[in-house]
Amino acid sequence: MPPGKKCITDPDTITKNLSGKGLLLDIGPICTKVSIKFPSIREDFLHIYKGYPFLEGPAITDYYLEAYARNFYRRYMRPQVAINTYMRDDFIPLPDSMGLLSVEMSLNWQVAFGCKSHILFHAGVVEKNGVGVIIPAISGSGKSTLSAGLAYDGWRFFSDEFGMLDQNTGDLYPYPRPISLKNDSIAVMKAWVGNDEFFSREYHGTPKGTICYLRPPMASIAAMTEPAKPRVVIHPVFKRDAKPEIKTLTKTMAFFRLVRSSANYGDIGEPAFHALAKIAEDCISCEVTYSSLEEGIALVNKVVDEISDA
Amino acid sequence: MDDAHVVYDKRSGYSQALNDFAREIFAIIEEKPRRLSDVERELESILGGPLESDLKKMVEKTVAEFDKMGLIEPMNSA
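Residues numbered from 1 in each chain as written. Chains lettered and ligands numbered in written order. Predicted model: local features only at pLDDT ≥ 70, side-chain atom pairs only at ≥ 80, totals over all residues.

A. Up close: the overall build of chain B. Summing up its helical and strand segments, chain B has 3 helices and 2 strands in all. If you list the helices and strands of chain B from N to C, you get β-β-α-α-α. Against the globule reference of 12 Å for 78 residues, chain B gives a C-alpha radius of gyration of 13 Å, in line with a compact fold. By principal-axis analysis of the C-alpha atoms, chain B measures approximately 40 × 35 × 20 Å. Out of the 78 residues in chain B, the part that is buried amounts to 12%. A separation threshold of at least 6 residues defines the contact pool for chain B, and within that pool the share at least 24 residues apart is 40%. (Helix = DSSP H or I, 4+ residues; strand = E, 2+ residues; numbered from the N terminus. Rg over C-alpha atoms; globule rule 2.2 N^0.38 Å. Buried ≥ 20, exposed ≤ 12 C-beta atoms within 10 Å, placed from the backbone. Contact = placed C-beta atoms within 7 Å.)

Pasting the structure below:
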């Protein structure tokens, strides 16, 4: 439970708020008021957000999200879910069978477009023994699978999508939303985790193929207000049949790759430059090539163990 | 940094990487506005001798790159 905040635990109250005026979903530094008018989507949402803190109001809210039907017909005949973020969005309605996707992608969009309080990386982030690891990569490169694998291998999960860096303190802040897995990685993670209860159902036929959401470990959710200092930056390269390899980057290359992975570097400006330059100077940055999840996790552990021994 | 110098341009918001030579030329211009000939003279003073033609071309090319990157701008001739 976030310190100093009161949470709702009664399931009926949670459902009532989610279907009505909105449920306050408090994750790390961001509080979003979510309202979902479709029972089936509410059920999917509450399944993957099981154990997350839902605040009693009133609370300072960063974002609002409403999933609704545009009219009576679209609620019951070939139902479609529309999204309103109150942020001049322009989302195309999706079939209600993909409602959870709509909600999750909209929550991502709000942060990517609207967050200026923290420097954002398009990256996974995990932490162990005070060592924060940033895993920047483009979509489809394996960062979510690697982040998820590490999370279910004893690492504290911060995010698979957004690294959040405080520009003043240089600390990484957790934003541990459910992990988005795609295509082959779904089976890989189901085998790795060994408990299907943590997964959403699979959503087929999306532009990115099949998508499934994985709830992070409860310990990571419980520790979501505790920051960590970045010490390692790992750029993952997943290639079938590749020889496992760790390639250290120069500090200059490390800096520019962080800039490239940042969603709001230009918006934040000079403070972001200094913050990223400090990471490039102080952290070990490397590119890690691997051909399986086990291999990737072993290489990450190797890099971190070497700096711990140093 | 270890292999290059990274500069932040407050006007454009862009970050640029400069090698040691470019950083040296930039430092000369940063000190006060200079003509190209002034930059060459200052470099000769630092190196303790006249610049060879290859080096002069490198200075010209570097300054042209700075202009393209928006790191410098023309000054008045007054």
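B. Spatial organisation of the sheet that holds strand β13 (residues 203–206) of chain A. All names here are of chain A. Read across the open sheet, the 3 strands follow the order β12-β14-β13; overall the sheet is antiparallel. The sheet is open, and its two edges are formed by β12 (179–182) and β13, each paired on a single side. Pairs of neighbouring strands in the sheet enclose a mean axial angle of 35°, with direction left out of account. Sheet topology places β12 next to strand β14 (residues 209–214); 4 bridges connect them, and they run antiparallel. Paired with Leu181 across the strands is Cys212, a residue of β14. (Pairing = 2+ DSSP bridges. Axes fitted to C-alpha atoms, helices over the stretch in contact; angles between N-to-C directions.)

C. Up close: the packing of helix α1 (residues 20–31) of chain B against helix α2 (residues 36–47) of chain B. All names here are of chain B. Between α1 and α2, the shortest axis-to-axis distance is 10 Å and the interhelical angle comes to 115°. Handedness of the crossing formed by α1 with α2: right-handed. Taken together, the residues of α2 that come into contact with α1 (itself represented by Ile25, Ile28 and Ile29) are Val39, Glu42 and Leu43. Considering only residue class, the contact of α1 with α2 consists of 5 nonpolar, no polar and 1 charged. (Left-handed = near helix turned anticlockwise from the far one by under 90°. Nonpolar A, V, L, I, M, F, W, Y, C, P; charged D, E, K, R; others polar.)

D. Layout of the sheet that holds strand β4 (residues 63–68) of chain A. All names here are of chain A. If you trace the 6 strands from one edge of the open sheet to the other, you get β3-β1-β2-β4-β5-β6, paired in mixed fashion. Lying at the two open borders of the sheet, with one neighbouring strand each, are β3 (54–55) and β6 (94–95). Pairing analysis gives 2 bridges linking strand β5 (residues 80–84) to β6, with the strands arranged antiparallel. When the bridges of β6 are listed, Val81 appears paired with Leu94. Strands in contact with helix α4 (residues 99–114) are β2 (30–36), β4, β5 and β6; relative to β4, the strand with the most contacts, it is inclined by about 155°.

E. Fine view of the interface of chain A and chain B. With 13 residues of chain A in contact, the opposing surface of chain B contributes 10 residues. Broken down by secondary-structure element, the contributors of at least two residues to the side of chain A that touches chain B are α8 (251–261) and α10 (270–282) of chain A. The residue inventory of the side of chain A that touches chain B, partitioned by class, reads 6 nonpolar, 4 polar and 3 charged.

F. How the structure looks around the nonpolar core. Within the largest apolar cluster, 88 residues are counted, with the highest numbers of intra-cluster contacts made by Val133, Leu214 and Leu276 of chain A. The residue makeup of this core includes at least three contributed by each of domain 1 (11–114) and domain 2 (119–309) of chain A. The residues touching Val133 of chain A, leaving out its near neighbours within four places in the chain, are Val125, Val126, Glu127, Val232, Ile234, Val300 and Val304 of chain A. Core analysis: the next-biggest nonpolar cluster, separate from the first, contains 5 residues, Leu18, Ala22, Ile25 and Val63 of chain B among them. (Core = buried A, V, L, I, M, F, W, Y, C linked by C-beta atoms within 7 Å. Domains from an automatic or database assignment.)

G. Fine view of the domain arrangement of chain A. All names here are of chain A. By domain assignment, chain A separates into domain 1 (11–114) and domain 2 (119–309). Inter-centroid distance (C-alpha atoms) of domain 1 to domain 2 is 25 Å. With 18 residues of domain 1 at the contact, the number on the domain 2 side is 22 residues. Mapped onto the side of domain 1 that touches domain 2, the elements with two or more residues apiece are α2 (39–48) and α4. With 7 residues, the single largest contributor to the side of domain 1 that touches domain 2 is α4. Looking at side-chain class alone, the side of domain 1 that touches domain 2 contains 11 nonpolar, 4 polar and 3 charged residues.

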